[in-house]
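Chains, contacts and geometry: an overview
What follows is the residue order along each chain.
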Amino acid sequence: MDYDTYEDLQGLWSDLEAALALVLTHPGQVSDVPQKVLQLDAWLQELMAHDSDAGLYLMYQLAAASTPVGYSASHALVCATLSHLLAQSYRLPTLERDALVHAALTMNIGMTQLQNQLALQRERPSAAQQEAIRVHAVERRNLLERMQVTDKLWLNVVTLHHIHVEPTLPLLDQPPAERLARLLATVDRYAAMISPRRTRAGRTVAESIQMVTGPQSKMYQKAGEALKHCVGYYPP
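To start, this report covers the structure provided alongside it. (Residues numbered from 1 in each chain as written. Predicted model: local features only at pLDDT ≥ 70, side-chain atom pairs only at ≥ 80, totals over all residues. Heavy atoms only, no water.)

**Remarks on the packing of helix α2 (residues 33–50) against helix α5 (residues 94–106)**
The criterion, for reference: Lines fitted to C-alpha atoms define the axes, with helix axes restricted to the stretch in contact, and inter-axis angles between N-to-C directions lie between 0 and 180 degrees. Labels follow the DSSP assignment, with helices taken as runs of H or I lasting at least four residues and strands as runs of E lasting at least two, numbered in each case from the N terminus. We call two directions roughly parallel when the angle between them is under 35 degrees, roughly antiparallel when it is over 145, roughly perpendicular when it lies between 65 and 115, and oblique otherwise. Contact between two residues is taken to exist if any of their heavy atoms lie within 4.5 Å; hydrogens are not considered. Polar here means any residue outside two lists: the nonpolar Ala, Val, Leu, Ile, Met, Phe, Trp, Tyr, Cys and Pro, and the charged Asp, Glu, Lys and Arg; Gly therefore counts as polar.
Orientation of α2 relative to α5, taken along the N-to-C sense of each, is 105°, at an axis distance of 10 Å. Compared by their axis directions, α2 and α5 come out roughly perpendicular. Here V37, L38, D41, L44 and Q45 of α2 come into contact with α5, specifically with R97, D98, V101, H102, L105 and T106. Tallied by class, residues from the contact of α2 with α5 come to five nonpolar, three polar and three charged.

Have a look at this one:
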């Protein structure tokens, strides 16, 4: 890839991140949130179809950098990109693929300020912040419903995306919402680990993969292995 092409692609990914940040930060100012999310997803798919290796490389640059729009939007875009790749790896039906990616884009809608603040602060979360984190999955679903999102699978995946219960069935035998929530929980944790915080540098890809594939990662089952297959230890 020549320099001009790289610069063009970098600009397109930055534009996508900025458009997503507006939806996440000010959803009440967006006239049709469900339609806007569909547009953002179509934009993401177009960029990945154009050059998936470049898209993966630029995604890692987003995760590693302190972008102008803040941690929250870059994290959502990284999670959506990884979810898109996992959906392809598992050959998910279109309805499941869309619900997974749309949940990744919106799982933290309306709490961008808190998420950005948590990424920057050195001290532990306050009691109020911890409570906001504890209830945020259900609150994000409620907000999406108020924004006229009617896709129940999308909504259920957002509700379950902090799932902490070990599975009783193999991943592909689980109900769709649980299966997709485990995939999203996997990329959510992985993306958080590779991103730097005020108190630490981002962990390496190899370290992050180990955390979602090692013996301590029973909750994620094969999702971590699929992620390793998609991105590898040494991505582009």
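Still more to cover.
**Things to note about the environment of A191**
Mapped onto the elements of the fold, A191 is located in helix α9 (residues 176–194). Contact partners of A191, with chain neighbours within four places excluded, come to H75, V78 and C79.

**Quick notes on the nonpolar core**
Using the following cut-off: Take the buried residues of types Ala, Val, Leu, Ile, Met, Phe, Trp, Tyr and Cys, join any two whose side-chain atoms come within 4.5 Å, and each joined set is a nonpolar core. Throughout, exposure labels follow a simple rule: accessible area from a 1.4 Å probe, protein chains only, divided by the maximum for the residue type, with under 20% read as buried, over 50% as exposed, and the rest as partly exposed.
Within the largest apolar cluster, 57 residues are counted, with the highest numbers of intra-cluster contacts made by W13, L44, W154, L180 and L184. Of all the elements in the fold, those that place two or more residues in this core are α1 (3–25), α2, α3 (52–64), α4 (71–90), α5, α7 (127–146), α8 (152–160) and α9. Considering every element that reaches this core, the biggest residue donor is α4, with 10 residues.

**Here we look at the pattern of salt bridges**
This is how it is decided: Salt bridges are defined by distance alone: a side-chain nitrogen of Lys or Arg within 4 Å of a carboxyl oxygen of Asp or Glu.
Overall, the coordinates contain five salt bridges when judged by the stated rule. E96 is the partner of R179 in a salt bridge, and the nearest nitrogen-oxygen pair spans 2.8 Å. Of this pair, R179 sits in helix α9 while E96 sits in helix α5, placing them 83 residues apart in sequence. R179 gets classed as buried once you look at its relative accessible area, which sits at 9%. Here E178 and R182 are joined by a salt bridge, their closest N and O atoms 2.8 Å apart. Taken together, the residues span about one helical turn, with E178 and R182 both in helix α9 at a distance of four residues. Through salt bridges with shared partners, a single ionic network connects D41, R97 and D98.

**With respect to the packing of α8 against α9**
Put simply, the rule is: When the near helix sits turned anticlockwise from the far one by under a right angle, the crossing is termed left-handed; a clockwise turn instead gives a right-handed crossing.
Orientation of α8 relative to α9, taken along the N-to-C sense of each, is 50°, at an axis distance of 8 Å. Between α8 and α9, the interaxial angle falls into the category oblique. Along this stretch, α8 crosses α9, giving a crossing that reads as right-handed. Seen from α8, the contacting residues are L153, N156, V157 and L160; seen from α9, they are P176, A177, E178, L180, A181 and L184.

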